[in-house]
Amino acid sequence: MTRVAFIGLGNMGSGMAANQAKAGHEVTAFDLSAEAMKRAAEQGMRGAASAGEAVRDASVVITMLPAGQHVRDVYEQAILPNAPKDALLIDCSTIDVDSARTVARDASMQGFRAADAPVSGGTAAAASGALTFMVGCREQDFADMEEALKPMAKAIIRAGDAGAGQAAKICNNMLLGISMIATCEAFVLAERLGLDPQKFFDISSKASGQCWSLTSYCPWPGPVPAAPSNRDYQGGFAAAMMLKDLKLAQEAAMNSGADTPLGGGAQALYAELVDRGHGGRDFSFMLQMLRGAVQ
Ligand code: NAD
């Protein structure tokens, strides 16, 4: 029987851990929040009193935590001193590449097999087991990582060695942040020019301006019924989360000497949206800020 220790049962982790339990794995859960622990117990998971206790008998340890500092602390203080040496260690949080590499190096020096495996897909995909995982690990460890991630996944792709999963994630989200702003700007200009937004959508979605932000996640309400723009920009992928990922991308660009001016511009615009108090709205709410329709 696979014994999974799951640490971090927030919006994403709770659904992911539940899918491990549904797959018949014995899941021991730990979160600092009492409410998250209660939810885990209701879903049939065993609760642990600490992260160290949760990992003690684990064959797989999965973390889904807010940021790099949390992951470094939990690895250093709880996982590495307490987990069995043959346990697979998988961090699914979105964190900076340097933290991911540090954690993997420390784990490997102590004889563990470790991977960074951030995800694409939001809370709905986490709950339905349809996440895409971008994995950074040694090639010879990938088959076991893949097996451990399967109950939570739609797709699992090895990006390269330690840190490569995080690199893929932040490059993808920088592209997404920029393409969403570009899509919003095009709608703003179309509106000012007196062009019907639906007509603009019909044309551009079949022309060279076509992109995911336009055709799958349209920020203008109407053309794509499932998009958060039709639900007053509630749910979906929060603007504050996009800002976090854009900051990680800019940090990585600075550290590696990459020139990413549009990534920098996207970060500044999302910072403004969050500063104006809209960090909890879906990131496509950028449209309304650029239209001048919000405070
Ligand atoms: P969240 O804030 O809902 O959950 C994080 C959980 O970690 C919380 O329940 C918190 O109590 C717990 N936690 C913090 N420190 C801890 C510690 N030391 N020990 C145990 N538990 C601890 O965040 P989330 O939305 O679930 O996101 C988690 C990660 O997934 C983030 O890195 C985020 O960037 C990434 N992500 C989120 C989404 C999304 O749509 N929400 C999508 C893709 C990736």
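Every value quoted in this text rests on a predicted model; they were computed, and no experiment measured them.

A. View of the overall build of the protein chain. A tally of regular secondary structure across the protein chain gives 13 helices and 9 strands. For a compact globule of 295 residues, the expected C-alpha radius of gyration is about 19 Å, and the protein chain comes in at 20 Å, within 12% of that figure. For the C-alpha atoms alone, the extent of the protein chain along its principal axes is close to 65 × 45 × 35 Å. Put simply, the protein chain has 25 plus and 31 minus side-chain charges, and the middle of one group is 3 Å from the middle of the other.

B. Seen up close, the side chain of Ser-213. Relative to the helices and strands, Ser-213 is located in helix 10 (residues 212–215). Assessed through its relative accessible area of 1%, Ser-213 is described here as buried.

C. Structural context of the domain arrangement of the protein chain. Along its sequence, the protein chain is organised into domain 1 (3–162) and domain 2 (167–290). One C-alpha centre belongs to domain 1, the other to domain 2; they are set 29 Å apart. Listed per partner, the contact involves 12 residues of domain 1 and 9 residues of domain 2. Summed over both sides, the interface of domain 1 with domain 2 buries roughly 770 Å², with 63% coming from carbon and sulfur. For domain 1, the biggest contributors to the area lost against domain 2 are Thr-94, Val-97 and Met-134; these three give 49% of the whole. In this assembly, domain 1 and domain 2 are joined by 0 salt bridges. Between domain 1 and domain 2 we count 3 residue pairs in polar contact (both at pLDDT 80 or more) in total. Contributing elements (two or more residues each) for the side of domain 1 that touches domain 2: helix 5 (97–109) and strand 7 (119–120). Of the residues in the side of domain 1 that touches domain 2, the class split is 8 nonpolar, 2 polar and 2 charged.

D. Region of the structure containing helix 8 (residues 164–192). In this model helix 8 runs 42 Å from its N-terminal to its C-terminal C-alpha over 29 residues, within 8% of the 42 Å that 1.5 Å per residue would give. Downstream of helix 8 by one or two residues, Gly-194 has phi in the positive range, about 80°.

E. Highlighting the site of the ligand. Inspection of the region around the ligand gives 22 residues, with Asn-11, Met-12, Asp-31, Leu-65 and Lys-244 positioned closest. Interatomic distance of 3.1 Å between a backbone N/O atom of Pro-66 and an oxygen atom of the ligand. At 2.8 Å from an oxygen atom of the ligand is found a side-chain nitrogen or oxygen belonging to Lys-244. If the ligand stood free it would expose 830 Å²; the protein chains cover 84% of that surface. At the level of secondary structure, the elements contributing two or more residues to the shell around the ligand comprise helix 4 (68–82) and helix 11 (239–256). Across the shell around the ligand, the residue classes break down as 10 nonpolar, 9 polar and 3 charged. Composition of the shell around the ligand by domain shows at least three residues from each of domain 1 (3–162) and domain 2 (167–290).

F. Structural detail: the pattern of salt bridges. Scanning all chains against the criterion turns up 9 salt bridges. In this structure, Arg-105 and Asp-106 form a salt bridge, with 3.2 Å as the shortest nitrogen-oxygen distance. We classify Arg-105 as partly exposed; its relative accessible area is 48%. Arg-158 is the partner of Asp-161 in a salt bridge, and the nearest nitrogen-oxygen pair spans 2.8 Å.

Rules used throughout
- Residues numbered from 1 in each chain as written.
- Predicted model: local features only at pLDDT ≥ 70, side-chain atom pairs only at ≥ 80, totals over all residues.
- Heavy atoms only, no water.
- Helix = DSSP H or I, 4+ residues; strand = E, 2+ residues; numbered from the N terminus.
- Rg over C-alpha atoms; globule rule 2.2 N^0.38 Å.
- Lys, Arg positive; Asp, Glu negative; His and termini not counted.
- Charge placed at Lys NZ, Arg CZ, Asp CG, Glu CD.
- Buried < 20%, exposed > 50% of the residue type's maximum accessible area, 1.4 Å probe, protein only.
- Domains from an automatic or database assignment.
- Contact = heavy atoms within 4.5 Å.
- Buried area = accessible area lost by both parts, 1.4 Å probe.
- Salt bridge = Lys/Arg side-chain N within 4 Å of Asp/Glu carboxyl O.
- Polar contact = N/O pair within 3.5 Å; in protein donor to acceptor, adjacent residues only side chain to side chain.
- Nonpolar A, V, L, I, M, F, W, Y, C, P; charged D, E, K, R; others polar.
- Expected span 1.5 Å × (residues − 1).
- Near = heavy atom within 4 Å.
- Areas by Shrake-Rupley, 256 points an atom, 1.4 Å probe, with all protein chains shown as cover.

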